[in-house]
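Observations on the three-dimensional arrangement
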2 protein chains.
Amino acid sequence: MKSSSHRLGDLQLRILQSLWVRPDSSVAEVHAELKPERDLAYTTVATMLRKMEARGLVLHREEGRSFLYRAKVAAAEVSRSVGQHLIERLSAGSLTEAVSHLLTSREVSREELDQLEKLIKEAKRRAQ
Amino acid sequence: MKSSSHRLGDLQLRILQSLWVRPDSSVAEVHAELKPERDLAYTTVATMLRKMEARGLVLHREEGRSFLYRAKVAAAEVSRSVGQHLIERLSAGSLTEAVSHLLTSREVSREELDQLEKLIKEAKRRAQ
DNA sequence: AAGGTAATACTACCATGGTAGTTAATGTGT
DNA sequence: ACACATTAACTACCATGGTAGTATTACCTT
C-alpha cells in the first residue's frame with residue numbers, strides 16, 4: 001500500500017478536510033470555507049492547492065474558467081497516519097497511554113466520558 | 001499561565017521527553033539515548049539543544065567541561081498542548097471524535113480496550 | 001470594442017526544523 | 001611535552017509549510 005507517510009501541515013490538512021466534505025470545490029469555495037478560521041488571501045489558498053497537487057494530495061479538473069479540486073488521498077488513510085503520528089509523539093506508540101494523556105490533561109465532561117465508554121463498547125463488539 | 005503554544009518538531013519533543021526522564025543530561029547522554037531510534041551526529045543534538053535553549057525550552061548549567069541540560073517546560077504542560085493540537089487537527093476540537101478516529105483506524109487489541117475502559121471509569125470516578 | 005472582473009500562473013519571501021561540518025578550547029594519558 | 005579526545009561554538013545548508021504580490025489570461029457586461 002506504499003504508505004508514503006503523509007507529513008501534512010495544519011493548513012494542508014485543513015484544506016483536505018474541507019475537500020472531503022465538499023469535493024469539487026473551486027479555490028474560491030475553499031477560501032470561503034476557511035475564511036472564518038483563517039483570514040488568508042485568495043492566492044494563498046490557490047498556491048497551497050497547487051503545491052498540494054504537485055505532492056499528489058489533491059487533483060483538479062477544469063470547469064469553465066475555474067478549477068475544481070478534490071482530495072486524491074482518502075480521509076481514512078490520512079486520519080490514520082495523522083493519528084499514528086500523534087500517538088508516536090505523545091507516548092512512543094502506546095495508544096492507551098496517549099488516551100490517558102488526553103484524558104488527564106484537559107477538562108472532560110460527563111457527556112464526553114459517556115460517549116467514550118460507548119465507543120469502547122462498540123469497538124469491543126466489533127472486535128469479536 | 002501565558003500558554004505560549006509550544007510548537008515542537010518531532011526531534012525537539014523527543015529530546016524533551018528524554019530530559020524529563022533523565023534531567024541534567026549531557027549532550028553525550030542525550031545523544032546516546034536517542035541513538036537507537038535516530039542515528040544523529042553528536043553535533044546535531046548539541047545544536048538542537050542550543051536552539052531549544054534559545055527558545056526557552058531547556059536550560060543548562062556547567063559541570064566541569066560539559067553542559068548538563070534540563071527541560072525548562074513541564075511535561076504536563078507540553079503534553080497537554082501537544083494533545084490539544086492533535087485533537088484540533090484530527091477532529092476540529094472534539095475529543096471523542098478524535099478518540100473514535102484512533103480506535104477505528106488501527107488495530108486495537110482486547111487488552112488495550114480493557115485498559116481504555118478502565119481509564120474511562122477512573123476518569124468518571126475522579127470527576128464527581 | 002473596451003474595460004472591469006475573476007481566475008490561474010509564476011515568483012518570491014520568510015520562519016522553522018533538522019542536519020552536520022569546521023573550528024576552537026580544554027582536558028587526559030603516555 | 002605532545003598527541004589525542006571531548007566538548008561547545010559557530011556557521012552553513014536544505015526542505016517544507018505558509019503567505020502573498022504581481023502578471024497574465026479569459027470572460028462578461030455595457
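Residues numbered from 1 in each chain as written. Chains lettered and ligands numbered in written order. Predicted model: local features only at pLDDT ≥ 70, side-chain atom pairs only at ≥ 80, totals over all residues. Heavy atoms only, no water.

1. Re the pattern of salt bridges
All chains considered together, the criterion is met by 26 salt bridges over all chains. Between Asp-10 of chain B and Arg-89 of chain A there is a salt bridge, with the nearest N and O atoms lying 2.8 Å from each other. Taken together, the positions of Asp-10 of chain B in helix 1 (residues 10–21) and Arg-89 of chain A in helix 4 (residues 75–91) put the pair across two chains. Relative accessible area serves as the criterion here: at 24%, Asp-10 of chain B is assigned to the partly exposed category. Between Asp-39 of chain B and Lys-35 of chain B there is a salt bridge, and its shortest N-O distance comes to 2.9 Å. Among the charged side chains, a salt-bridge network with shared partners connects Arg-14, Arg-22, Glu-33 and Glu-37 of chain A. (Salt bridge = Lys/Arg side-chain N within 4 Å of Asp/Glu carboxyl O. Helix = DSSP H or I, 4+ residues; strand = E, 2+ residues; numbered from the N terminus. Buried < 20%, exposed > 50% of the residue type's maximum accessible area, 1.4 Å probe, protein only.)

2. Some details on the protein's contact with DNA strand D
Inspection of the region around DNA strand D gives 23 residues, with Asp-10, Thr-47 and Arg-55 of chain A together with Tyr-42 and Phe-67 of chain B positioned closest. Between a phosphate oxygen of DNA strand D and a main-chain N or O atom of Ala-41 of chain A, the distance comes to 3.0 Å. Side-chain polar atom of Arg-55 of chain A to a phosphate oxygen of DNA strand D: 2.8 Å apart, as the coordinates give it. At the level of elements, helix 1 (10–21) and helix 3 (42–54) of chain A together with helix 2 (27–34), helix 3 (42–54) and strand 3 (66–71) of chain B are the ones that each hand at least two residues to the surface near DNA strand D. When residues in the surface near DNA strand D are grouped by element, the largest group, five residues, is from helix 3 of chain A. Broken down by class, the residue content of the surface near DNA strand D amounts to eight nonpolar, eight polar and seven charged. (Near = heavy atom within 4 Å. Polar contact = N/O pair within 3.5 Å; in protein donor to acceptor, adjacent residues only side chain to side chain. Nonpolar A, V, L, I, M, F, W, Y, C, P; charged D, E, K, R; others polar.)

3. Let's talk about the interface of chain A and chain B
Tallying the contact residues gives 41 residues for chain A and 41 residues for chain B. Interface of chain A and chain B: buried area, both sides summed, is about 4,100 Å²; carbon and sulfur atoms make up 61% of it. Among the residues chain A hides against chain B, the three largest losses belong to Arg-89, Leu-95 and Lys-124 of chain A. Together they make up 17% of the total. Put simply, Glu-117 of chain A and Lys-124 of chain B hold a salt bridge, and the shortest N to O gap is 2.7 Å. Across the chain A-chain B interface, the total number found is 16 residue pairs in polar contact (both at pLDDT 80 or more). (Contact = heavy atoms within 4.5 Å. Buried area = accessible area lost by both parts, 1.4 Å probe.)

4. Focus: the relation of the copies chain A and chain B
Superposition of chain A onto chain B requires a rotation of 180° combined with a translation of 0.0 Å along the rotation axis, giving an RMSD of 0.1 Å. Taken together, the rotation and translation describe the operation of a two-fold axis. The fraction of interface residues of chain A whose copies in chain B are also interface residues reaches 100%, indicating that both copies meet through the same surface. (Least-squares fit on C-alpha atoms with pLDDT ≥ 70 in both.)

5. Focus on the nonpolar core
One finds Ile-15 and Leu-103 of chain A together with Ile-15 and Leu-103 of chain B to be the most contacted residues of the largest nonpolar core, which totals 67 residues. Apart from residues no more than four positions distant in its own chain, Ile-15 of chain B is found in contact with Val-30, Leu-34, Met-48, Leu-49 and Met-52 of chain B. (Core = buried A, V, L, I, M, F, W, Y, C linked by side-chain atoms within 4.5 Å.)

6. Details of the pairing of strand 3 (residues 66–71) of chain A
Residue and element names in this part refer to chain A. Bridge count for strand 1 (residues 25–26) against strand 3 is two bridges, and the pairing is antiparallel. Counterpart to Ser-25 in the pairing with strand 3 is Tyr-69. Between strand 2 (residues 58–63) and strand 3, which pair antiparallel in sequence order, lie two residues; one of them, Gly-64, sits at a positive phi of approximately 65°. (Pairing = 2+ DSSP bridges.)

7. A word on the domain arrangement of chain A
In terms of domains, chain A is made up of domain 1 (10–71) and domain 2 (75–127). The gap between the C-alpha centroids of domain 1 of chain A and domain 2 of chain A is 29 Å. (Domains from an automatic or database assignment.)

8. Remarks on the sheet that holds strand 2 of chain A
All names here are of chain A. Taking strand neighbours across the sheet as the criterion, the three strands line up as 1-3-2 in an open arrangement whose pairing is antiparallel. A single partner strand is all that each edge strand has here, and the edge strands are strand 1 and strand 2. Where helix 3 meets the sheet, its contacts fall on strand 2 and strand 3, and the angle it forms with strand 2 comes to roughly 120°. (Axes fitted to C-alpha atoms, helices over the stretch in contact; angles between N-to-C directions.)

9. Quick word on the sheet that holds strand 2 (residues 58–63) of chain B
Whether parallel or antiparallel, the strands of a sheet pair through hydrogen bonds between backbone atoms. Residues and elements named next belong to chain B. Strands sit in the order 1-3-2 across an open sheet of three strands; the sheet is antiparallel. Of all strands in the sheet, those with a lone pairing partner are strand 1 (25–26) and strand 2, marking the two edges. Against the sheet, helix 3 contacts strand 2 and strand 3, and its axis sits at roughly 120° relative to strand 2.

10. Looking at the pairing of strand 2 of chain B
In the sheet, strand 2 of chain B pairs with strand 3 of chain B via six bridges, with the strands oriented antiparallel. Note on strand 3 of chain B: the bridge partner recorded for Glu-63 of chain B is Ser-66 of chain B.

11. Structural notes on helix 5 (residues 95–104) of chain A
For helix 5 of chain A, the full list of buried residues reads Leu-95, Thr-96, Ala-98, Val-99, Leu-102 and Leu-103 of chain A. Take helix 5 of chain A and look down its axis: the buried residues cluster within an arc of 160°, on one side only. Tucked into the core, helix 5 of chain A has its buried residues touching helix 4 and helix 6 (110–127) of chain A together with helix 4 (75–91), helix 5 (95–104) and helix 6 (110–127) of chain B. (Arc of directions from axis to C-beta.)

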